[in-house]
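# Examining the three-dimensional arrangement
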Amino acid sequence: MPTWSDIQEWTFSSLQPVVDDLVYYRQQAARVSASMLDLDAGVEWSGDGAAAAGTWFSSLEDTSTLLLASLGELLTVTTAMQNRMGEVEVLVLEILSLTSHHEFAIADDGTVTDPRPQEADSPAEPEADPGTDGPAERPDRQEALASAKTLVSQALTKARIADDAYRSSLTRIGRGRLSRTRPPGPKHSDRGVNTREVAAWWDSLTEEERRLQINRHASVIGTLDGVSGRDRDTANRARLTNDIENVQKLIDVEHQKLLDSGLPYSQADVGRFNALLAQREELEELAKSIGDADANPPRQLLLYDPSTGRPGRMTLHVAVSIGDVDTAAHISTFVPGMTINVRDSIVAYANDMANLRDQSIQKLREHGGSNVATIVWQGYDIPSTAGSAPLTNMVERGGSDLRSFHEGIYDSRCRLGGSSPPHISVLGYSSYGSATAGRALGSIRPGVVGDFIVCGSSRGLQDTRDVNVPEGHTYALRYGAGDAGQADMPYDCDLAFTAGFTTLNPGMAEPRWAWQDPAAHNDYLDDQAQARGHVVDVVTGG
C-alpha cells in the first residue's frame, strides 16, 4: 500500500519508458505474427506431416493472438496507471505548496500536524503586527490545516485505489485472463476517453490494424481525440462522401413522392424535401471547404459529427485544417462565435485560415521555418441569435470538447515517431467564441496551448488566471471608440481584463463598415488589416 513517502515520488513521466517499450514490442510482435502466419501461404500438400503442420500453425495463430492481446491490454492498463500517477502528482504538488507555506508536517502515514498549534488554539491576544502569523491569522491557519488533511487523504486514497487496480490487472493478465481479444482501445461509444491513452493505443497499432479500425468504426475514429490527423481525415472523408450519397437518395425518393402525389403538395412533404435540400447543401459546402484528399497544401477534416438532435449535438460539428496537423510546427485554431453555421460560413472561414497560414508561413520563412496548420473549429452548438444562446450549458459543452480536441492533437504528436509537440495557439472570436475558448483553456493541461488571443469581445474572461496559458502569452484585440466612426459597437466594447492580458492595437477599421451592424467586429481577419498582423505574430509564436 503506497505511503505518503511513496506517492511523493509518483510522476506521470515515471512510466513513460514502460509505455514506450510496450508500444514497440506490440508493433514488433504484430509484424512477426503477420510474417509467421504467411509461412504456409500457397503451400498445398497432404499426409501426416501436413496434418501436424496444420495443427502447429493453428496453435501458432492462437499463441500469436494471445500475445498481441496481452501486450495490448498491458499497454491499456499501464497508460491508465500512468494517468492516475499524473493526477496524484498534481495533488501532491498542491499539498506541498500549502503545507510548506504554513510549515505543517506530514507523517509517512499521511497524518498532518501543526508544529505551532498554540498559534491556532490559544485565547485571543492583541492584534499582531501586519505580516506576522499572529492571532488574526489563526482561523485561516486552522482552515489551511483542515484543507491539507483533506487533500492528503484524497491523494493517498486515489493512489491506493490506482495501485490496487494496476496490481490486480497485472495479475489477471499474467494468468491469461483478458478482458478482450481484439486490439485494446477506447470504448466505441465514449467520447470522454483520456487522449493520452488513445494516442498510445493508436500508436501501438500496425498500419493494417489502423485501416481495419477506420473501415469498421469510421464514425468513432473520426471523432476520437488522440488519433492522428491523417487517420481522422480518412475516416471523416469516407463518412462525408457516404452521407452525401445517402442524402441524395432520400431527396430522389421524396421528389418522386411529390411528383406522384400531385398538386397541391402537403406542407409536411414539402418540409421534408426542403430540409433534405438544406442538409445536402450543408454537406456539399463542407466538402468544398476540404477539397480533394491529395490537395496541396493538404486540408484535413479533423471532425465530422452530424447532429443527433440532442443537447450539445443540435447542429453539425466540424473542424477543418489547412495544413497537416501531424507535422506542423505551429498549429492555430480559430473558434468562431454567434450566428455562425457550417452551410453559410465554413468555406469562407477555411479560406480565411488558408490566407492566415500563407501569411504566417511568409513570416516564418524569414527565420528559416515554414510549417503551419490553421484550423476552423466549429465543433460545438453555436446559437443563431444572441437571444437564443443558453450560454452556460453550451459554453461548458463546447469548452470541454475544445479542450479534448487540443489535448488529442498534442498527445498524438508526442506519440508520432517521437516527434516534438507543436506550438499551439487559440483564437477566440467574439463573445461566444472567446468564452468557449476560454472555458477550454481554463481546464486544459498546462503546456498544451502556448498562446491565446481573443478578438472583438471577451465575456467571461477577466483574468489570465482563468486560463492555463504561459504568462505573457494572452492577448486581446478590439477596435476602440472612434476607430471607424459609428462602427464601434457594444460587441467590441466589453474587453475589461483586470490582469495579464496584453491589449493589441488593430489599427483603423475599414470605412465600409461604418454603416453596418456589427461593424468593425468583422474586420479582424481581413487580409490587409493591421489586426491580421497581430494574429500572425501569435500563430508563429512571436
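All of these numbers come straight from a predicted model, not from anything done at the bench.

### Re a nonpolar patch on the surface
On the surface, a cluster of nonpolar side chains totalling about 340 Å² of accessible area is made up of Leu259, Leu263 and Tyr265. The partly exposed category is assigned to leucine 259, whose relative accessible area is 48%.

### What about the sheet that holds strand β8 (residues 451-455)?
Taken in spatial order, the eight strands make up an open sheet running β3-β4-β6-β5-β7-β8-β9-β10, and their pairing is mixed. Each edge of the open sheet carries a strand with a single partner, namely β3 (299-305) and β10 (502-504). Across the sheet, the mean angle separating the axes of adjacent strands is 20° when strand polarity is ignored. When strand β5 (residues 330-335) meets strand β6 (residues 372-378), the two strands line up parallel, connected through five bridges.

### A few points about the pattern of salt bridges
Taken as a whole and assessed by the stated rule, the structure comprises 25 salt bridges. The salt bridge involving aspartate 269 is made with arginine 272; its shortest N-O contact spans 2.3 Å. Taken together, the residues span about one helical turn, with aspartate 269 and arginine 272 both in helix α10 (residues 267-290) at a distance of three residues. Among the residues examined, aspartate 269 registers a relative accessible area of 17% and is labelled buried. Overlapping salt bridges, with partners in common, bring together Asp20, Asp203, Glu207, Arg210, Arg230, Asp231 and Arg415 in one network.

### Quick look at helix α14 (residues 530-539)
Because each turn of an α-helix spans 3.6 residues, side chains separated by three or four positions in sequence point in the same direction. When α14 is considered as a whole, its buried residues turn out to be Ala531, Arg532, Val535, Val536, Val538 and Val539. Summarising the axial view, the buried residues of α14 lie within an arc of 160°, below the 170-degree limit, and thus occupy one face. Two residues or fewer past α14, glycine 541 is found with a positive phi of approximately 75°.

### What to know about unusual backbone geometry
Cis geometry marks the peptide bond from asparagine 296 to proline 297, where omega comes out at 0°. Structurally, the position occupied by proline 297 is in the loop between α10 and β3. The residue glutamate 103 is not glycine, and still its phi comes out positive at about 60°.

### A look at the pairing of β8
A large share of β8 lies buried, amounting to five of its five residues. Along β8, one buried face is formed by Asp451, Ile453 and Cys455 and the opposite face, lined by Phe452 and Val454, is buried too. Sheet topology places strand β7 (residues 423-429) next to β8; five bridges connect them, and they run parallel. Bridge pairing in β8 places serine 425 opposite aspartate 451.

### Side note on the nonpolar core
Residues Leu286 and Phe452 are the most contacted members of the largest nonpolar core, which totals 77 residues. Per-element tally for this core: the top contributor is helix α11 (residues 342-365), with 10 residues. Setting aside chain neighbours within four positions, we find leucine 286 in contact with Leu240, Leu301, Tyr304, Leu316, Val318, Val320, Val342 and Ile346. Counting residues in hydrophobic clusters, the runner-up holds 24 residues, among them Leu15, Met85, Ala148 and Ala159.

### A closer look at the packing of aromatic side chains
A full pass over the atoms with the stated rule returns seven aromatic pairs. Three or more aromatic residues joined by ring pairs form one cluster here, namely Trp377, Tyr380, Phe405 and Tyr432. Note that arginine 196 overlies the ring of phenylalanine 12, its terminal NZ or CZ placed 3.6 Å from the centroid.

### Focus: the packing of helix α6 (residues 195-204) against helix α7 (residues 207-216)
It is the contact of α6 with α7, at a shortest axis distance of 8 Å, that shows an interaxial angle of 120°. Comparing their axes, α7 and α6 come out oblique. In this structure, α6 contributes Trp201, Trp202, Asp203 and Ser204 to the contact, and α7 contributes Glu209, Arg210, Gln213 and Ile214. When grouped by side-chain class, the residues that make up the contact of α6 with α7 number three nonpolar, two polar and three charged.

### Let's talk about a negative patch on the surface
Together, Asp6, Glu9, Asp108 and Asp109 make up a region of like negative charge exposed at the surface. Take glutamate 9: it is sitting in the loop between α1 (4-7) and α2 (16-37). Note on glutamate 9: relative accessible area 61%, which makes it exposed.

Conventions and cut-offs
- Residues numbered from 1 in each chain as written.
- Predicted model: local features only at pLDDT ≥ 70, side-chain atom pairs only at ≥ 80, totals over all residues.
- Heavy atoms only, no water.
- Patch = residues over 30% accessible without salt bridge, like charges linked within 9 Å, V, L, I, M, F, W, Y side chains within 5 Å.
- Areas by Shrake-Rupley, 256 points an atom, 1.4 Å probe, with all protein chains shown as cover.
- Salt bridge = Lys/Arg side-chain N within 4 Å of Asp/Glu carboxyl O.
- Buried < 20%, exposed > 50% of the residue type's maximum accessible area, 1.4 Å probe, protein only.
- Pairing = 2+ DSSP bridges.
- Helix = DSSP H or I, 4+ residues; strand = E, 2+ residues; numbered from the N terminus.
- Axes fitted to C-alpha atoms, helices over the stretch in contact; angles between N-to-C directions.
- Arc of directions from axis to C-beta.
- Core = buried A, V, L, I, M, F, W, Y, C linked by side-chain atoms within 4.5 Å.
- Contact = heavy atoms within 4.5 Å.
- Phe/Tyr/Trp six-rings, centres within 6.5 Å; stacked < 30°, edge-to-face > 60°.
- Lys NZ or Arg CZ within 6 Å of the ring centre and 35° of its normal.
- Parallel < 35°, antiparallel > 145°, perpendicular 65-115°, else oblique.
- Nonpolar A, V, L, I, M, F, W, Y, C, P; charged D, E, K, R; others polar.
- Lys, Arg positive; Asp, Glu negative; His and termini not counted.
- Charge placed at Lys NZ, Arg CZ, Asp CG, Glu CD.

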